[in-house]
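For reference, the chains in residue letters:
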Amino acid sequence: MSIITSHQRLKRDALGLPQIIASTLANIAPAMSFFFGFGLIVSGAGVAAPLTILVAMVVILFLTNTLAEFSKYRPSTGSFVTFIGMAFGPTAGAAASVFVVFGYLVAASSVVVISGGWAHDTLKLFLGIDVPWQLLSLIATGIVGMLVSRGVALSTTWAAVFFYFELVLLLVGAVVMLIVNRSSLTLAPFEWSHLSGGLKGIGLGFPIAIYLFIGWENSATLAEETRDARRNIPRALIIGTLSIGILYMFLAYATEIAFHNNAVAIGKSDIPFVDAFKASAAALLIIAYLAGMTSIFSSLLGLTNSQARILFSSGREGLLPRFFGKIHPQHRTPFVAMWSFVLVAFGIVIVFGWNSKPVDLFGETGSLGTIPVIITYLITNLALPVYMLRHHRNEFNPLKHAIIPIIGTALMLLPLWGLVEPGQPAPYNLFPYVALAVLIVSIIYGIFLERRDPDLVQKIGSYVADEEF
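The paragraphs below set out a description of the structure included in this document. Predicted, not measured: the structure shown is a model, and the values here were computed from it.

### Considerations on helix α15 (residues 398–420)
So, point 1. Look at α15: 32 Å from first C-alpha to last across 23 residues, which is about the 33 Å you get at 1.5 Å a residue.
So, point 2. At L414, α15 shows its maximal kink, close to 25°; a proline, P415, follows between one and four residues later.
So, point 3. Burial in α15 covers these residues: H401, A402, I404, P405, G408, T409, M412, P415, L416 and L419.
So, point 4. Contacts made by the buried residues of α15 are with α3 (49–73), α8 (199–211), α14 (358–391) and α16 (431–452).

Dropping the structure here:
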């Protein structure tokens, strides 16, 4: 193994537990996710939709166990790529680097497009200014690129500021709705008897409920810059998942109370939370729109910080072109990977969405990008028992390292099926084939790379977060 020098390292001890939790929550973007997802969950589950969110949170906790255990033994900026590569070998690691980066890039473009679309609607509604959404998306992309490339502490701080501002606005909105509609207060949203179709009702909205949590894994890629990563990364994963799940259930409850538990009306609403708040306190509607804007921007900061680091780590270890592994000499950030990531995401928006409505492209790119991400979750779950038996057999725990990951894998097959099942309208019916084609190309790339560089196995996971240099 080659000697690792300081100039190949990201800035050490730049982040603590509060910062990586905030970055994770910012990446999840509760306002944006809840605004566009809750109506679909209610359409499947009915009044008891919060129970679907609760089940989704439990399933995500099964996944956090896997990432937390990996991070205890091998905290790495490469996250999924490192964990899969350490378990299944360099071909799998190289293939994962292509496959998951593709998924994250496409999913990131959904946030880029909605950043412009939501800002356009907000400016037009409240100020009467009509600015092209494409221009607003470009401005957001440029600001994010400059912030993340100038330092992880700086960009994470701004992501936290925007997230907590978003959080306050969401809580204020939810409390106002509950006060205004206090005569309709009931526990019906949490009662099994109000769940449409029982388990089937949960299943119908389950894929969307899982999508609400995408970004829960953010903190794992910040390991190299986190103090006491082996301890703080697992804590951030669990705290972040629990916090966002509780928040979603509270927002769901407030929204349903404002709609007087009318599941049909909620299902017909494009953005139930906004419509509920407008009906409850129209004079304060700006609160909901500002929450959406800050949510989207903080998400773009969080995901670029996190997901671009997988691209960077893969470049640094030779799984992808080494160009992506460059570190800024002053700010100690993976600036090439970050700028490449956010600009490619913007490019996807411009190429495929110039004549589309932002909300339509948001749904399309979000769905396509989520397929590789969920498949990567599944493979990482299966990688944990293999990794532990190969590298830490004496510490193997059947419950934590085998049973929980296998159950988590089985439970994640449902949301995956919801994204790939036949009979979906165009262009969603094409997305499974696109994902399959990318997976095949990724595997071929992995085989080629391993044959070209037989020593590749020695490089995967070589940059452990707390390793001395």
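### Some words on the layout of surface pockets
So, point 1. Approximately 1,400 Å³ is the volume found for the largest pocket.
So, point 2. In this structure, the largest pocket is lined by 50 residues; those nearest its centre are F36, L40, I208, G363 and Y428.
So, point 3. Where the lining of the largest pocket is concerned, the elements lending two or more residues are α2 (30–45), α5 (90–127), α8, α10 (263–268), α11 (272–281), α14 and α15.
So, point 4. When the residues that make up the lining of the largest pocket are grouped by side-chain class, the tally is 27 nonpolar, 16 polar and seven charged.
So, point 5. A volume near 240 Å³ is recorded for the second largest pocket.
So, point 6. Lining the second largest pocket are S115, W118, A119, L136, I139, A140, I143, F162, M293, T294, I296 and F297.
So, point 7. Taken together, the elements giving at least two residues each to the lining of the second largest pocket come down to α5, α6 (133–149) and α12 (286–316).

### What about empty space enclosed by the protein?
So, point 1. Tallying each qualifying case throughout the model produces two cavities of 30 Å³ or more.
So, point 2. In this structure, the largest cavity occupies an estimated 160 Å³ of space.
So, point 3. What lines the largest cavity is a set of 15 residues, and nearest its centre among them are N27, A107, V111, Y211 and I214.
So, point 4. Elements supplying a minimum of two residues to the lining of the largest cavity: α1 (17–28), α2, α5 and α12.
So, point 5. With five residues, α5 is the single largest residue contributor to the lining of the largest cavity.
So, point 6. Split into classes, the residues belonging to the lining of the largest cavity amount to nine nonpolar, six polar and no charged.
So, point 7. Roughly 40 Å³ of internal volume is contained in the second largest cavity.
So, point 8. Surrounding the second largest cavity, L63, T66, L67, F80, W216, Y377, T380 and N381 form its lining.
So, point 9. Where the lining of the second largest cavity is concerned, the elements lending two or more residues are α3 and α14.

### Observations concerning the packing of α2 against helix α9 (residues 229–258)
So, point 1. Interhelical geometry of α2 versus α9 gives an angle of 55° and a closest axis separation of 11 Å. In terms of their interaxial angle, α2 and α9 are classed as oblique. Along this stretch, α2 crosses α9, giving a crossing that reads as right-handed. Contacts from P30, S33, F34, F38 and V42 of α2 reach α9 at I244, L247, Y248, L251, A252, T255 and E256.
So, point 2. The residue makeup of the contact of α2 with α9, split by class, is nine nonpolar, two polar and one charged.

Reading guide: rules and limits
- Residues numbered from 1 in each chain as written.
- Predicted model: local features only at pLDDT ≥ 70, side-chain atom pairs only at ≥ 80, totals over all residues.
- Heavy atoms only, no water.
- Helix = DSSP H or I, 4+ residues; strand = E, 2+ residues; numbered from the N terminus.
- Expected span 1.5 Å × (residues − 1).
- Bend = angle between axes of the 7 residues up to and from the residue.
- Buried < 20%, exposed > 50% of the residue type's maximum accessible area, 1.4 Å probe, protein only.
- Contact = heavy atoms within 4.5 Å.
- 1 Å grid on protein atoms, 1.4 Å probe; cavity = no way out; pocket = protein on both sides within 12 Å on 5 of 7 lines; lining within 4 Å.
- Points joined across faces, edges and corners; volume = space filled by probe spheres on them.
- Nonpolar A, V, L, I, M, F, W, Y, C, P; charged D, E, K, R; others polar.
- Axes fitted to C-alpha atoms, helices over the stretch in contact; angles between N-to-C directions.
- Parallel < 35°, antiparallel > 145°, perpendicular 65-115°, else oblique.
- Left-handed = near helix turned anticlockwise from the far one by under 90°.

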